[in-house]
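# Report on the structure
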Amino acid sequence: MTDKEIVDLVNKTLAEEFELDPASLRPEAGFAEDLGLDSLDTVDMIIVLEQAFRMKIRDNEAIRGIRTLGDLHAFLIEARDARGA
Amino acid sequence: MSFDVVVVGGGVSGAGLALVLGRLGRRVALVEAAGALLPLVRGFVREGLHFDTGFHYTGGLGPGGILARYFDCLGLSGLSPLPLDPEGFDRLRFLDPAFELCLPCGQARIRERLGAAFPAERGAIEAYLAAIDRAVAASPFLNPGRPLPQTLTFEASGPTLAGFLDGLGAGPLLAAVLSLHCLLHGTPPGEILLSDHARVVAGYLESAHGLAGGGAALARSFEQALAAQGTSLHLGREARAIVLSPAGAVAGVRLAGGEVLSAPAVAAAIHPRRLLGLVPEGVFRPAYRRRLHGLPSTPSASVLFGVLSGDPGPLAGKNLLLSPGIDVEAHFSPRTPPERRALYVTCGLEASADGRRAIEVIAPDYPSPAPGEDDKAGRLARLEARFAAACPELAPRVRFVDGATPRTFARLLNDPDGGLYGVRHAAEAPVPLPLTRLPGLFLSGQNVLAPGVLGAVVSAFVTASLMCGPEPVRRLLEKAQ
């Protein structure tokens with residue numbers, strides 16, 4: 001997957017599964033303050049992303065540092081690189 | 001009518017939550033669709049004998065046992081635990097390869113018994129028992145009086161039971177012996193986390209008890225405690241919708257017939273799938289709705305209820321847990337042919353004055369995929385044939401008087417799958433948390449925290465602590481330390 005395909009799949013998945021306005025999905029958008037996704041949504045988010053990307057991410061410690069949508073994009077791009085390596 | 005909390009679902013967890021909230025001074029309404037509380041657990045009477053449908057035996061009911069302490073904190077009284085044989089409460093029997101082992105209570109005895117049967121694998125046995133101890137020690141729920149976690153988050157991590165046993169290098173027969181008790185929580189060894197498995201089986205490994213009077217005695221004890229507390233009971237009333245205020249907050253529950261029980265908080269102790277039908281569209285996000293819809297079920301069962309005349313012989317104080325092969329995972333799949341699934345035979349600990357006892361033959365079973373089809377006669381005939389082969393010394397003295405199929409359990413559990421332990425507690429498909437994104441709506445029950453009677457009771461305390469704050473609940477649990 002290219003970086004852009006990853007970004008597009010993340011945004012499409014989040015827009016559908018969490019009923020988010022695609023226009024709000026800017027890289028600098030914070031999950032809590034801008035997208036209204038709280039800790040209760042975290043479990044669902046991990047599950048839908050694991051399904052969309054067909055890989056396990058829940059045990060990855062780096063997931064705890066994710067604050068913005070851009071953080072999530074970068075996390076998944078790095079996860080792809082780590083898997084390819 | 002107006003309350004502080006409406007609890008929907010009068011199973012062990014809903015009734016338990018109503019008791020905890022009442023003890024914390026809340027005015028509580030409890031709604032149950034069936035005509036009586038604890039519909040799965042209470043069982044029934046036939047020919048003067050009590051038969052159980054949901055509660056057969058449990059761990060943690062010995063003196064100082066975890067379940068006994070939680071029952072005490074609920075204010076339940078009048079319960080008389082009856083011990084199974086501590087030298088062997090479960091006769092684990094495999095047919096291919098032929099192997100039998102009576103599992104005793106207490107770590108020292110278990111270590112000795114397993115070690116004698118698997119002398120080359122003492123290290124793996126030791127590591128397994130140590131892992132169970134560690135999981136119990138780490139659990140705030142199995143150490144009541146410790147502070148309860150303020151927020152519950154995604155904790156699904158660590159190895160599965162199968163992965164852990166594999167890592168120990170346990171041979172296939174020992175792995176099957178140590179996995180067979182997955183039947184006590186309904187999630188197969190390849191899916192249950194070792195830590196979740198450990199927290200269920202730990203109590204059984206310490207002690208195994210039934211109750212005098214069976215599940216009916218437990219139901220009666222809950223009824224008496226709720227009556228003493230003045231809980232408003234709404235039995236035979238189905239909840240139809242969770243009512244929201246114009247601002248979108250929880251405002252109460254609408255019952256069939258239109259009556260509304262008003263309250264600023266609602267706790268749903270029902271199957272999560274059923275909850276989705278009570279909440280207006282748009283409240284939950286698609287990801288959450290899909291997750292709840294897709295939660296896989298634990299097995300349902302078919303059961304034969306019989307009357308045994310005379311001595312229970314090999315079933316005196318013991319259950320028979322029969323596994324045709326050593327593939328424990330197969331017991332959890334509807335694709336496994338019925339004759340290859342586990343068989344569980346249990347005999348009443350109490351005899352009638354004329355020496356008769358209740359005997360039950362239970363096997364994992366699944367609803368027919370075709371609606372309307374049940375084949376009750378066929379399912380029960382297969383069970384009877386398997387019982388006759390497994391217990392030839394008892395079969396001539398047993399007269400079967402009734403039977404249940406997955407359809408029966410679908411009715412008792414108010415869920416079409418009729419999964420005895422609700423949803424699977426699978427590492428890959430996390431169960432919902434007790435908090436929801438709708439302020440004032442909480443979840444409770446074996447589908448939330450942990451399965452079985454203990455899971456349901458602990459879940460009641462956890463949900464109460466999220467509703468009322470951890471400190472009052474911790475004080476309530478203090479006497480259970």
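So, a few notes on the structure that sits alongside this text.

Of the regular secondary structure elements, chain A holds three helices and zero strands. When its helices and strands are written in sequence order, chain A yields α-α-α. Here the C-alpha radius of gyration of chain A, 12 Å, is about what a compact globule of 85 residues would show, namely 12 Å. A buried classification covers 46% of the 85 residues belonging to chain A. When the accessible surface of chain A is summed, it comes to about 4700 Å², and 52% of that surface belongs to carbon and sulfur atoms. Charge separation in chain A, taken as the distance between the mean sites of 10 positive and 19 negative side-chain charges, equals 6 Å.

The next thing to look at is the nonpolar core. Residue and element names in this part refer to chain B. Tyr57, Phe89, Phe94, Leu114, Phe118, Tyr128 and Leu165 are the most contacted members of the largest nonpolar core, which has 61 residues in total. Once residues lying within four places of it in the same chain are set aside, the contact partners of phenylalanine 89 are Tyr57, Leu84, Leu103, Pro104, Cys105, His181, Tyr204, Ala208, Gly317, Lys318 and Asn319. If you look at the next biggest cluster of nonpolar residues, it comprises 51 residues, including Cys73, Leu74, Ala267 and Val458.

Take the pattern of salt bridges next. All names here are of chain B. Counted by the stated rule, this structure contains 33 salt bridges over all chains. A salt bridge links glutamate 47 to arginine 399, with the shortest nitrogen-to-oxygen separation between them at 2.8 Å. Of this pair, glutamate 47 sits in the loop between strand 3 (44–46) and strand 4 (49–51) while arginine 399 is found in strand 18 (residues 398–404), placing the two residues 352 residues apart along the sequence. A relative accessible area of 45% means that arginine 399 is categorised as partly exposed. Among the ionic pairs, glutamate 471 bridges to arginine 474, the shortest N-O distance being 2.8 Å. Here glutamate 471 pairs with arginine 474, and both are found in helix 14 (residues 470–478), just three residues apart, close to one helical turn.

Residue and element names in this part refer to chain B. Inspection of the entire model under this criterion finds 11 aromatic pairs over all chains. Seen from their ring centres, phenylalanine 44 and phenylalanine 305 are 4.8 Å apart, and the 85° between their planes marks the pair as edge-to-face. Placement of the pair is phenylalanine 44 in strand 3 and phenylalanine 305 in strand 14 (residues 300–309), with a sequence separation of 261 residues. This pair shows no difference in class: phenylalanine 44 is buried, exactly as phenylalanine 305 is. The interplanar angle of 25° and the centroid separation of 6.2 Å between the aromatic rings of tyrosine 57 and tyrosine 344 together place this pair among those described as stacked. Pair noted here: tyrosine 57 is in the loop between strand 4 and helix 2 (66–74) and tyrosine 344 is in strand 16 (residues 343–347), with a separation of 287 residues, a long-range link. Across the pair, exposure class does not vary: tyrosine 57 and tyrosine 344 are buried alike.

Now for the sheet that holds strand 17 (residues 356–365) of chain B. Residues and elements named next belong to chain B. Read across the open sheet, the seven strands follow the order 7-6-15-16-17-14-18; overall the sheet is mixed. If you trace the sheet from one side to the other, it starts and ends with strand 7 (98–103) and strand 18, each paired once. Looking at each pair of strands side by side, their axes are set apart by 15° on average, direction ignored. Here strand 15 (residues 319–323) pairs with strand 16 via three bridges, running antiparallel. Its bridge partner lying in strand 16, leucine 322 is registered against leucine 343. Helix-sheet contacts for helix 6 (residues 172–179) involve strand 6 (90–95) and strand 7, and the interaxial angle to strand 6 is about 140°.

Let's shift gears to the interface of chain B and chain A. In this complex, chain B contributes 17 residues to the contact, which on the side of chain A involves 17 residues. Contact between chain B and chain A buries roughly 1500 Å² in total, counting both sides, with carbon and sulfur atoms accounting for 54%. On the surface where chain B and chain A come into contact, there are four salt bridges. Between Glu428(B) and Lys56(A) there is a salt bridge; the shortest N-O distance is 3.3 Å. Taken together, the connections running from chain B to chain A amount to eight residue pairs in polar contact (both at pLDDT 80 or more). Of the residues in the side of chain B that touches chain A, the class split is nine nonpolar, two polar and six charged.

Turning our eyes to something else, we now look at the sheet that holds strand 13 (residues 265–268) of chain B. All names here are of chain B. Read from one edge of the open sheet, five strands run 9-2-1-13-19, paired in parallel fashion. Of all strands in the sheet, those with a lone pairing partner are strand 9 (232–235) and strand 19 (441–443), marking the two edges. Averaged over all adjacent pairs, the angle separating strand axes in this sheet is 20°, with direction ignored. Looking at chain direction, strand 13 and strand 19 are connected through three bridges and run parallel. Along strand 19, the bridge assignment pairs alanine 267 with phenylalanine 442. Sheet contacts for helix 13 (residues 452–468): strand 1 (5–8), strand 13 and strand 19; angle to strand 19, the most-contacted strand, approximately 160°.

A word on helix 13 of chain B. The first and last C-alpha atoms of helix 13 of chain B sit 24 Å apart over 17 residues, in line with the 24 Å expected at 1.5 Å per residue. At the C-terminal side of helix 13 of chain B, Gly469(B) shows a positive phi close to 95°.

Glancing now at helix 11 (residues 376–390) of chain B. Its 15 residues place the ends of helix 11 of chain B 21 Å apart at the C-alpha level, agreeing with the 21 Å of an ideal helix rising 1.5 Å per residue. Taken residue by residue, helix 11 of chain B has Gly378(B), Arg379(B), Leu380(B), Leu383(B), Arg386(B), Phe387(B) and Ala390(B) as its buried positions.

All names here are of chain B. Here helix 4 (residues 122–138) crosses helix 7 (residues 194–206) at 95°, and the two axes come no closer than 8 Å. By the angle between their axes, helix 4 is roughly perpendicular relative to helix 7. Where helix 4 abuts helix 7, its residues Tyr128, Ala131, Ile132, Ala135 and Val136 lie against Leu194, Ser195, His197, Ala198, Arg199, Val201, Ala202 and Leu205. Along the lines of polarity and charge, the residues of the contact of helix 4 with helix 7 split into 10 nonpolar, two polar and one charged.

Here the focus is the pairing of strand 14 of chain B. Residue and element names in this part refer to chain B. Here strand 14 lies mainly inside the structure; nine of its 10 residues are buried. Direction of pairing for strand 14 relative to strand 17: antiparallel, over a ladder of 10 bridges. Counted as the bridge partner of leucine 308 is arginine 357 from strand 17. Of the strand pairs in this sheet, strand 14 and strand 18 are connected by six bridges, and their pairing is antiparallel. Following the sheet pairing, valine 307 is matched in strand 18 by arginine 399.

What counts, and at which threshold
- Residues numbered from 1 in each chain as written.
- Chains lettered and ligands numbered in written order.
- Predicted model: local features only at pLDDT ≥ 70, side-chain atom pairs only at ≥ 80, totals over all residues.
- Heavy atoms only, no water.
- Helix = DSSP H or I, 4+ residues; strand = E, 2+ residues; numbered from the N terminus.
- Rg over C-alpha atoms; globule rule 2.2 N^0.38 Å.
- Buried < 20%, exposed > 50% of the residue type's maximum accessible area, 1.4 Å probe, protein only.
- Areas by Shrake-Rupley, 256 points an atom, 1.4 Å probe, with all protein chains shown as cover.
- Lys, Arg positive; Asp, Glu negative; His and termini not counted.
- Charge placed at Lys NZ, Arg CZ, Asp CG, Glu CD.
- Core = buried A, V, L, I, M, F, W, Y, C linked by side-chain atoms within 4.5 Å.
- Contact = heavy atoms within 4.5 Å.
- Salt bridge = Lys/Arg side-chain N within 4 Å of Asp/Glu carboxyl O.
- Phe/Tyr/Trp six-rings, centres within 6.5 Å; stacked < 30°, edge-to-face > 60°.
- Pairing = 2+ DSSP bridges.
- Axes fitted to C-alpha atoms, helices over the stretch in contact; angles between N-to-C directions.
- Buried area = accessible area lost by both parts, 1.4 Å probe.
- Polar contact = N/O pair within 3.5 Å; in protein donor to acceptor, adjacent residues only side chain to side chain.
- Nonpolar A, V, L, I, M, F, W, Y, C, P; charged D, E, K, R; others polar.
- Expected span 1.5 Å × (residues − 1).
- Parallel < 35°, antiparallel > 145°, perpendicular 65-115°, else oblique.

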